[in-house]
Amino acid sequence: MTKRAALRKLAIARKNDRLPPHRCFGDFHDGAYDRQDYVVPWTISAHNYDSDVMIIGQDWNSEANLAGPFDPDQQQFGQKPDLPTNRNLRRLLLEHLGMRFEQTYATDLFVFAKPGNMDSRISRAHLAYCAETYCRPQIDIVNPLVVICLGSATYNTLRRAEGLPRLTLTEALKERFPYRNSEIFAVTHTGGRTFNAAGGFEGVRLQWERIANRLQVLRNGV
């Protein structure tokens, strides 16, 4: 089975799955946000299945946001391109890894629309379910050299799935852990408030340089 076929199979499984009280992306606007066969819509703009870099966010969207006015950008691109999270991420990838966002494979750990607003919390149990059922299988299929987790919640969920203890963000930024043929890293989330509190581009520079240096080593087969 090709990578694309395996990912499509996983996407179809997700569309048929239910995890109350969360809703599915296809429940809104007559399914307009979920008409492509990706595990999460964010992948629409970054679906290079052979990339050696994989990006994992925590979650794609919330019920309150998706139930609002229809957003054609979110349908077409799987994101709001001008949202700080996406804009900052594109710049960091280009400046430190020499890659455009579309050259990576991007997904989210949580694959449902959470109740409430975008800042609503998701239980650890539900994050763990999505990690085991959808996120780790995507890593297995894409088989990247490095996996970059945006924020500590995503990173720690994947660590717990490997039986590793939870770390603070400060600790996580100094660590990495292996998973199959990949190495998993944490970075400060690129969203506005969190990113600005960390000092912006200069504040996160060393985090991304560390990944860039390690990626070069792995690409050279060392």
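Draft legend 1. Focus on the packing of helix α1 (residues 3-16) against helix α5 (residues 124-142). In contact at an axis separation of 10 Å, α1 and α5 are set at 175° when each is read in the N-to-C sense. As far as their axial angle goes, α5 and α1 are roughly antiparallel. On the side of α1, the interface is formed by Lys3, Ala6, Leu7, Leu10, Ala13 and Arg14, while α5 contributes Thr133, Tyr134, Pro137, Gln138, Ile141 and Val142. Considered class by class, the residues forming the contact of α1 with α5 number eight nonpolar, two polar and two charged.

Draft legend 2. Looking closely at the layout of surface pockets. Approximately 1,100 Å³ is the volume found for the largest pocket. Lining of the largest pocket is provided by 37 residues; of these, Gln58, Asp59, Lys114, Met118 and His189 occupy positions nearest its centre. Looking at the lining of the largest pocket, the element that brings in the most residues is helix α6 (residues 152-161), giving five residues. Among the residues making up the lining of the largest pocket, the classes are represented as nine nonpolar, 18 polar and ten charged.

Draft legend 3. Representation of the nonpolar core. Ranked by size, the top nonpolar core spans 66 residues in total, and within it Trp42, Ile55, Leu97, Leu158, Ile184 and Trp208 carry the most contacts. Broken down by element, the residue count for this core peaks at eight residues, all from α5. With sequence-adjacent residues up to four places away left out, Leu158 is seen in contact with Ile56, Leu109, Ala131, Cys135, Arg136, Ile139, Cys149, Phe177 and Ile184.

Draft legend 4. Spotlight on empty space enclosed by the protein. Summed over the entire model, instances satisfying the criterion amount to one cavity of 30 Å³ or more. Here the largest cavity defines a volume of roughly 30 Å³. What lines the largest cavity is Tyr33, Asp34, Gln36, Tyr38, Val40, Pro41 and Ile44. Here the residues of the lining of the largest cavity sort into five nonpolar, one polar and one charged.

Draft legend 5. Up close: the packing of aromatic side chains. The final tally for this structure, using the stated rule, is nine aromatic pairs. Where Phe25 meets Trp60, the ring centres are 5.0 Å apart and the plane angle is 75°; that geometry is what we call edge-to-face. Remark: Trp60 occurs in the loop between β1 (53-59) and α2 (63-66) and Phe25 occurs in the loop between α1 and β1; sequence separation between them is 35 residues. For Trp60, a relative accessible area of 7% corresponds to the buried category. Between the aromatic rings of Tyr129 and Tyr134, the centroid separation amounts to 6.5 Å while the plane-to-plane angle is 75°, which identifies the pairing as edge-to-face.

So, how was this worked out
- Residues numbered from 1 in each chain as written.
- Predicted model: local features only at pLDDT ≥ 70, side-chain atom pairs only at ≥ 80, totals over all residues.
- Heavy atoms only, no water.
- Axes fitted to C-alpha atoms, helices over the stretch in contact; angles between N-to-C directions.
- Helix = DSSP H or I, 4+ residues; strand = E, 2+ residues; numbered from the N terminus.
- Parallel < 35°, antiparallel > 145°, perpendicular 65-115°, else oblique.
- Contact = heavy atoms within 4.5 Å.
- Nonpolar A, V, L, I, M, F, W, Y, C, P; charged D, E, K, R; others polar.
- 1 Å grid on protein atoms, 1.4 Å probe; cavity = no way out; pocket = protein on both sides within 12 Å on 5 of 7 lines; lining within 4 Å.
- Points joined across faces, edges and corners; volume = space filled by probe spheres on them.
- Core = buried A, V, L, I, M, F, W, Y, C linked by side-chain atoms within 4.5 Å.
- Buried < 20%, exposed > 50% of the residue type's maximum accessible area, 1.4 Å probe, protein only.
- Phe/Tyr/Trp six-rings, centres within 6.5 Å; stacked < 30°, edge-to-face > 60°.

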